[in-house]
Amino acid sequence: MTSPINLQPSTRCTGSTASAEITTSERTVTAHPSTPHPTTESAGPATGIQTRLADGSNPLEGRVEVRNGTSQWGSVCDDNFDLQDAHVVCRQLGFGAVLEVKLAGHFGEGSGNVWLDEVACRGNETDLGDCPADSWGRSDCSHKEDVGVVCEGGGSLRLVGGLVPWGGRLEFRPWQGEEWGTVCNTSWTEAETNLVCRQLGYPGGVSASLPAFGEGTGPIWLGDVTCSGDETNILSCGSSWEPSDCDHSQDVQIICTGAVFVRLVGGQNASEGRVEVRPGSGDWGTVCDDGFDDRDAQVVCRQLGYRGGVARVGGVFPEGTGNIWLDNLNCAGNESSVADCEINRWGDHDCTHKEDAGVVCEAEDDCTEYHSSGLTTSGVYRIGLLPADVEAFCDMDTAGGGWTVIQRRQDGSVPFNRIWDEYKVGFGNKNGEYWLGNENIHLLTNQKNYRLRIELLDWNNESAFAEYSTFRVSGESDGYRLHISGYSGTAGDSMTSGHPLNGQRFSTVDRDIDGHGSYHCSQERGQGGWWFRACSSSYLNGRYLGNCGYSCPSWQGVVWYYWRGRYYSLKSVSMKIRP
């Protein structure tokens, strides 16, 4: 079974009767326009207009050429030709959105007639024949004004011939309606493999040895593919089209990694439920309970960020719908992903949804427990001391590892000017910027004795840290009061010296309990929440001001006073705790 991934579905031309001629340098579509929009001049001839891109380095770019029926190809003048006109061209050719308009014969001068001038598309037309323009063939332009366009890549990718959807022979279809073909492995490296796997919805991949998944048939569309690693689409890489020096013994074959994403559905909380899996970016489906045991459950739960779990078979949780993807799953129990276990061919089974497998997972108390149990990869994990749906980022690398991150700022992508209730429950992206939540910090720090580590980075990428041997936050009824002491580090003590924050309650823009009297510190300091005293010393939840050096507004940014002062807003900071 294969799952083609449409890379530009939103920009495909649908319901068209377009036909195509394909060469290595141009792409041609015959369009049959509807009644032209009313203008003082005809928008085009009564018969179909064909459009192509010529003399580009690949079919996605080139000089725009048009013709009427079987007449001679001619060019389009760049007078007033803009992105809206180019978008119609790219859509008509079956590509993605327009990237650029190229003026003044950028792709070389054409020959013959300049068929269209003063094209004035609105951008939503199906083809150029629907757009207002001067009369067909009427122009005051020379070929030095031939217009060109660059379109975003389209096409589809799939892997075929493997037992699982994430491994197989790479097949490519340049645009909708064209034949599936293969890719030649000349110049192919792991960089290209990783790009393809990411494009298919997987984190990465490795090249497979020939002939692991057999030889393909049909055209060989691409060869000499060379990617820098920054691209998001294989058509953005350098390549040769329909290479003449390749045969199907050189078909690219790959195995993508991180291939099965897992979720639990239908349980009473996030840590239990029916096991559902999805290959890459395909459809979700269930796992049959034939042979499903605690070893399989351990792997499922570990992949979801728990320490382990137990199997539940016989339809304990509500029945699923759709595909039953896996049957007779056979895990040893120590794998990190279901993708690493032995399975039958993907989708082969003799089960009904009455046999959907389920699990009940168990989480470690915190990141230190995960680290002690042997999970040493930094990432987002469930925190057992908190409600079942609460996760945190675990730093398994810094200063011995096992740190539970409670706050992180790194790029300004998440606003911290939040109200009390938002700071209470937490906000942001656990893989990026976030605040774990005052209630969660309170629950954690009142069950174990934690230390706090604060890491700071300035815009010259110089770093410093501050550690406090005691860190605890009281409950909401006490205003999430801060209890902190025992400084050590290289950043200077901006929490317990100067204007010490120990014993201060938490304030937000909508709840002023900082005890300062005439000032509302949260409003004065960028509208973020913090434990304030005299509105100074440190303020790690301030506005993310970027690189304004020592000229930032006073006390308004991400400030650590005893390292870079009140006028400097830091590049990144994080707060993390460990027993």
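Details of the structure are given in the entry above.
Below is a short write-up of the structure. Sequence order as written defines residue numbering, which begins from 1 separately in each chain. In view of the model being predicted, local features appear only for residues whose pLDDT reaches at least 70, and side-chain atom pairs are presented and counted only at 80 or more, with totals across whole chains, interfaces and linings using the full set of residues. Computation of side-chain values: all heavy atoms of the structure, hydrogens and water removed.

## Topic: the overall build of the protein chain
In step 1: Elements are defined by DSSP. Helices are runs of H or I of four residues or more, strands are runs of E of two residues or more, and each kind is numbered from the N terminus. Across its full length, the protein chain holds 8 helices and 35 strands.
In step 2: Categorising residues by exposure relies on relative accessible area from a 1.4 Å probe, with only protein chains included: less than 20% of the type maximum marks a residue as buried, more than 50% marks it as exposed, and the intermediate range marks it as partly exposed. Of all 579 residues assigned to the protein chain, the portion counted as buried reaches 54%.
In step 3: Throughout, a residue-residue contact means that at least one pair of heavy atoms, one from each residue, lies within 4.5 Å. Considering only residue pairs separated by 6 or more positions, the protein chain has 62% of its internal contacts joining residues 24 or more positions apart.
In step 4: Of the roughly 23300 Å² that the protein chain leaves accessible, carbon and sulfur atoms contribute 44%. Areas reported as accessible are Shrake-Rupley estimates using a 1.4 Å probe. Residue values count occlusion only from the protein chains shown.

## Observations concerning the packing of aromatic side chains
In step 1: Each aromatic pair joins two rings of Phe, Tyr and Trp (for Trp, the six-membered one) with centres within 6.5 Å, and gets the label stacked for planes under 30 degrees apart, edge-to-face for over 60, and tilted for any other angle. Tallied over the entire structure, the rule returns 17 aromatic pairs.
In step 2: Ring centres of Tyr423 and Phe506 lie 5.4 Å apart, and the angle between their planes is 55°; this geometry places the pair in the tilted category. Separated by 83 residues along the polypeptide, Tyr423 in helix α5 (residues 420-425) and Phe506 in strand β31 (residues 506-507) bring together distant segments of the chain. Grouping residues by exposure puts Tyr423 and Phe506 together as buried.
In step 3: Put simply, the rings of Phe416, Tyr423, Phe427, Trp435, Phe506, Trp530 and Trp531 pair up and form one aromatic cluster.
In step 4: Definition used: whenever NZ (Lys) or CZ (Arg) falls within 6 Å of the ring centre and also within 35 degrees of the ring normal, the charge is taken to sit over that ring. For the cation-ring pair, Arg418 lies above Phe427, with the distance from its terminal atom to the ring centre recorded as 4.4 Å.

## Brief notes about the environment of Ala208
In step 1: On the secondary structure map, Ala208 appears in the loop between β13 (204-207) and β14 (220-226).
In step 2: Ignoring any residue separated from it by four or fewer positions in sequence, one finds Ala208 in contact with Phe213, Gln253, Ile254 and Ile255.

## Details of the nonpolar core
In step 1: Throughout, nonpolar core names a set of buried Ala, Val, Leu, Ile, Met, Phe, Trp, Tyr and Cys residues whose side chains join them through atoms within 4.5 Å. Ranked by internal contacts, the top residues of the largest apolar core, which has 129 residues, are Leu128, Phe292 and Trp560.
In step 2: Broken down by element, this core gets its largest block of residues, 5 residues, from strand β29 (residues 463-473).
In step 3: Contacts of Phe292, omitting those with residues within four sequence positions, involve Val275, Val287, Ala297, Val300, Ala311, Val313, Leu329, Ala357, Gly358 and Val359.

## A look at helix α2 (residues 190-199)
In step 1: Listing the buried residues of α2 in full gives Glu192, Thr193, Leu195, Val196, Cys197 and Gln199.
In step 2: If you check the start of α2, you find a side-chain oxygen 3.2 Å away from the backbone N of Ala191, and it comes from Thr189.
In step 3: Just past α2, the residue Gly201 takes up positive phi, approximately 100°. We call two N or O atoms a polar contact when they sit within 3.5 Å, provided that within protein one can donate a hydrogen and the other can accept it, with sequence-adjacent residues counted only if both atoms are side-chain atoms.

## Observations concerning the pattern of salt bridges
In step 1: The term salt bridge refers to a side-chain nitrogen of Lys or Arg lying within 4 Å of a carboxyl oxygen of Asp or Glu. Inspection of every chain in the model, using the stated rule, returns 27 salt bridges.
In step 2: Its salt-bridge partner being Lys576, residue Glu455 comes within 2.9 Å of it at the nearest N-O pair. Of this pair, Glu455 sits in strand β28 (residues 450-457) while Lys576 is found in strand β35 (residues 572-578), placing the two residues 121 residues apart along the sequence.
In step 3: Several salt bridges share partner residues, and in doing so they unite Asp395, Arg451, Arg453, Glu455, Glu467 and Lys576 into one network.

## Structural notes on helix α3 (residues 294-303)
In step 1: Among all positions in α3, only Asp296, Ala297, Val299, Val300 and Cys301 are buried.
In step 2: For α3, the secondary structure elements touched by its buried residues are β17 (260-266), β18 (272-279), β20 (308-312) and β22 (358-362).
In step 3: The first or second residue beyond α3 is Gly305, which carries a positive phi of 95°.

## Remarks on the pairing of strand β25 (residues 403-409)
In step 1: The buried fraction of β25 amounts to 7 of the 7 residues, a majority that puts the element mostly inside the structure.
In step 2: At least two DSSP bridges between two strands are required for those strands to pair. Bridging between strand β24 (residues 391-395) and β25 involves 2 bridges; their strand directions are antiparallel. When the bridges of β25 are listed, Asp395 appears paired with Trp403.
In step 3: When β25 meets β35, the two strands line up antiparallel, connected through 5 bridges. Each residue of the ladder has a partner; that of Gln407, found in β35, is Met575.
In step 4: Alignment of β25 against strand β27 (residues 434-435), held across 2 bridges, turns out to be antiparallel.

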